[in-house]
Amino acid sequence: MHINWKVIMTLLGVLALACALIGAARRRPKLIAIALGFGAGVPASAGIVVGAVAVPVFSCVGLVAVVSWLATRPRGPGSAVASTLVAFAAWSIAVTAIGPWAFAGTPVLEPRGGIDEQIRALTPLAFGISNIAQAGYLVIALVVVLHLAATGTARTALSVAAWTGIGLSTVRNVLRSAGTDPLAPVFDTLNASYTDGDARLRGVFSEPSELATFTLAVMTGTVVLALTSRGRRRIAPLVLGALALGNLLGSVSGTAVIASGAVVALALVVVVVRTVLRDGRGVVWFVLGAITVTSVLLVAGDTVTTPLLDVIEDKVGSQSFDSRTAADAIGLRVTSDTLGIGAGLGSNRSSSFLVTLLSTVGVPGTALFIVAVALVVRRAAGQRATLPAVATLGALLIAKVVSVPDLSTPLLWVTIALCMTASLKHNMWTTADPVMIRPTLVPWQSTDRSSSASRHCDSSQHSSSCSRTCRRTCTTASAHRSS
C-alpha cells in the first residue's frame, strides 16, 4: 500500500510558522502569541498538508508553542483550573484509546463523512485517523493554554485572533458580494466541506454558522470592553464590534439568531442581578435603556422583526434543521450505547457542542470540562481586566451549544487562557529561563507595591528580564530597608 507523505506548506502556514519560530529562537513569547492569534483567526485554513492530511494553522503554531513551553522546564504548583484541564485531557485521551475498541460497531456520525450523508446510514464505530488527530489537537490546545497563561501573552493572542478573523472575513465578504473570490485558494485549504452556492457569507470560515459563532463571541467581548474602557480606548473595540456586527448580519445564520437571543437574555439577567446586589444603583440607566430599546422596536416595527422571523422560518423545517436535530438525537443515543463513557474524541460529530462532548468523552469528561470552565469564569469575572474575555467565552459557548460542535475551536482555548490569568497570583510556572516569564506586579495581590515587588527579586541581583516597574519598586524597597 503506497502512502503519500508529500509535505506542502501553505502561504498562511509559512507566515505564521516564521513568526512563531523567530519568537521561539529569540525567546520572545509575544511573537508566538501573535502567530497563535493569527491561527485562531483563520481556523478553517491549513498550515501544512501532509499527503491527504491538512493540519490547521493554529495547530502548526501550537507545536512550536509546545516545544517552547517544554524548553522552559516548568515546575511548581499550578492552579485548580490547570489541574482540571489536565484531568479532562487525560480522561479524553484514555477514552479515545479505549472507546473505539470497547464499543466497536456502535452506529456513529463519523466526522469525515458529513451529517446529511450519514443520517440514514450511520457509520460503525472504529478506530481511525480522526481519533488520533482530535487527541493531538486537544493536547496541543492544552499546552497552548498553559503557555499563554504562563508567559502572560494570552491577551495579545486573543486580540490578534479577533482582528484577524473579523478583518479578513470583512475583506473576503466584500469581495464575494462583488461576485469574485480570489482568496479562496489561500483560505480554503483544509479537508473540510466549505459551504458555497447561496447568498449567505462565511468569511474565512468553512460555513456561515462558524462565522456567526466567531463574530458573536467577538462582538460580545468588544461591547463589554468598550463599557469598561474610557476615552479613546473605546474607539478600537467599537470599530471591531461594528465590523463583527456586519459579519454577523451577513451570515444570515439561524445560529446567529438563536445564540444572539440567548446572549441578550443572559446579559439582561446579569444586569438585573448586579443592580439588585448593588442596592438599586444604576436602576435608572437600566430603565432608560429598556425604554430606548422598546421605543426603537416600536418605531422600526417590521423592519427589525421581519428579517429575524424570515431566518427562523427558513431554518425550521429545512433539511439542515432536520439533519442537525437528528444528529443531536444520534449523539445522545451514542452516549447511551457507550454507557456514558463516550466513544472517544473524533468518533462522533453531532450538531451541538454539548451533545458532541457527551457522545465522545462521556459524562465524566463533560463534567470535568464544565468544572474547568466554571472555575475559570468564577475567577475571571471578578477582575475588570478579564471581564471582556469572560463575556467572549460565554457567548462562544452559547453559540457552540446551539450548532458548532468542535472541541478544537482555537478561539475557545485562547479565551480560556486569558480568563485563566485571573486565577494566577503569580506566574503559574517558575522557569530556569528568566526571559520567557517576567516577574510582574498583579493588582489583586497586594496594595503594598514595595513589599510585593521585593518578593519577586532582590534589587542587588537584577537581571535584564526584570520589568521596569519591578526594578523601580525593588530599588525603593531596598532603600527603605537600608535606612
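I will try to describe carefully the structure that is included in this document. Please read these numbers as outputs of a predicted model, since none were measured by experiment.

Comments concerning the overall build of the protein
A tally of regular secondary structure across the protein gives 19 helices and five strands. In the protein, the proportion of contacts linking residues at least 24 apart, taken out of those at least 6 apart, comes to 69%. Carbon and sulfur atoms make up 66% of the accessible area of the protein, which amounts to about 23,200 Å² in all.

Re the pattern of salt bridges
Within the structure shown, the criterion is met by five salt bridges. Note that Arg-172 and Asp-181 form a salt bridge whose closest N and O atoms lie 2.9 Å from each other. Classification of Arg-172 by relative accessible area gives buried; the value is 0%. For the salt bridge of Arg-349 with Asp-406, the shortest nitrogen-to-oxygen distance reads 3.1 Å. In this pair, Arg-349 is assigned in the loop between helix H14 (319-337) and helix H15 (353-380) and Asp-406 in the loop between helix H16 (387-403) and helix H17 (410-420), connecting sequence segments 57 residues apart.

Observations concerning helix H3 (residues 57-71)
Compared with the 21 Å implied by 1.5 Å per residue over 15 residues, the 22 Å span of H3 between its first and last C-alpha is a close match. Burial analysis of H3 places 11 of its 15 residues in the buried class, the great majority of the element. Among the residues of H3, Val-57, Phe-58, Ser-59, Cys-60, Val-61, Gly-62, Val-64, Ala-65, Val-66, Ser-68 and Trp-69 are the ones counted as buried. Residues of H3 that are buried make contact with helix H1 (11-25), helix H2 (29-41), strand S2 (46-50), strand S3 (53-56), helix H6 (129-151) and H17.

Section: the packing of aromatic side chains
Taken as a whole, this structure holds five aromatic pairs when the rule is applied. The interplanar angle of 45° and the centroid separation of 5.0 Å between the aromatic rings of Phe-205 and Phe-214 together place this pair among those described as tilted. Take Phe-205: its relative accessible area is 2%, and that puts it in the buried class. What makes Phe-214 buried here is its relative accessible area of 4%. Lying across the ring of Phe-353, Lys-400 places its NZ or CZ 4.6 Å from the centre.

Examining the sheet that holds strand S1 (residues 7-9)
Across the sheet, three strands lie side by side as S1-S2-S3; this open sheet has antiparallel pairing. The strands lining the two open edges of the sheet, one partner per strand, are S1 and S3. Going from strand to strand, the sheet's axes swing by 20° on average, the running direction of each strand aside. In the sheet, S1 pairs with S2 via three bridges, with the strands oriented antiparallel. Looking at the pairing, Ile-8 lines up with Val-49 of S2. Contacts between H1 and the sheet are confined to S1 and S2, with S1 contributing the most and set at about 75° to the helix.

Some details on the pairing of S3
A regular strand places its side chains so that they alternate between the two faces of the sheet. Covered by surrounding structure in S3 are Ala-54 and Pro-56 only, the residues Val-53 and Val-55 on the alternate face being uncovered. Where S2 meets S3, four bridges bridge the pair, whose relative direction is antiparallel. Bridging across to S3, Val-49 finds its partner in Ala-54. In this antiparallel pair of consecutive strands, S2 and S3, the connection spans two residues, and Gly-51 shows a positive phi of 65°.

The rules behind the values
- Residues numbered from 1 in each chain as written.
- Predicted model: local features only at pLDDT ≥ 70, side-chain atom pairs only at ≥ 80, totals over all residues.
- Heavy atoms only, no water.
- Helix = DSSP H or I, 4+ residues; strand = E, 2+ residues; numbered from the N terminus.
- Contact = heavy atoms within 4.5 Å.
- Areas by Shrake-Rupley, 256 points an atom, 1.4 Å probe, with all protein chains shown as cover.
- Salt bridge = Lys/Arg side-chain N within 4 Å of Asp/Glu carboxyl O.
- Buried < 20%, exposed > 50% of the residue type's maximum accessible area, 1.4 Å probe, protein only.
- Expected span 1.5 Å × (residues − 1).
- Phe/Tyr/Trp six-rings, centres within 6.5 Å; stacked < 30°, edge-to-face > 60°.
- Lys NZ or Arg CZ within 6 Å of the ring centre and 35° of its normal.
- Pairing = 2+ DSSP bridges.
- Axes fitted to C-alpha atoms, helices over the stretch in contact; angles between N-to-C directions.

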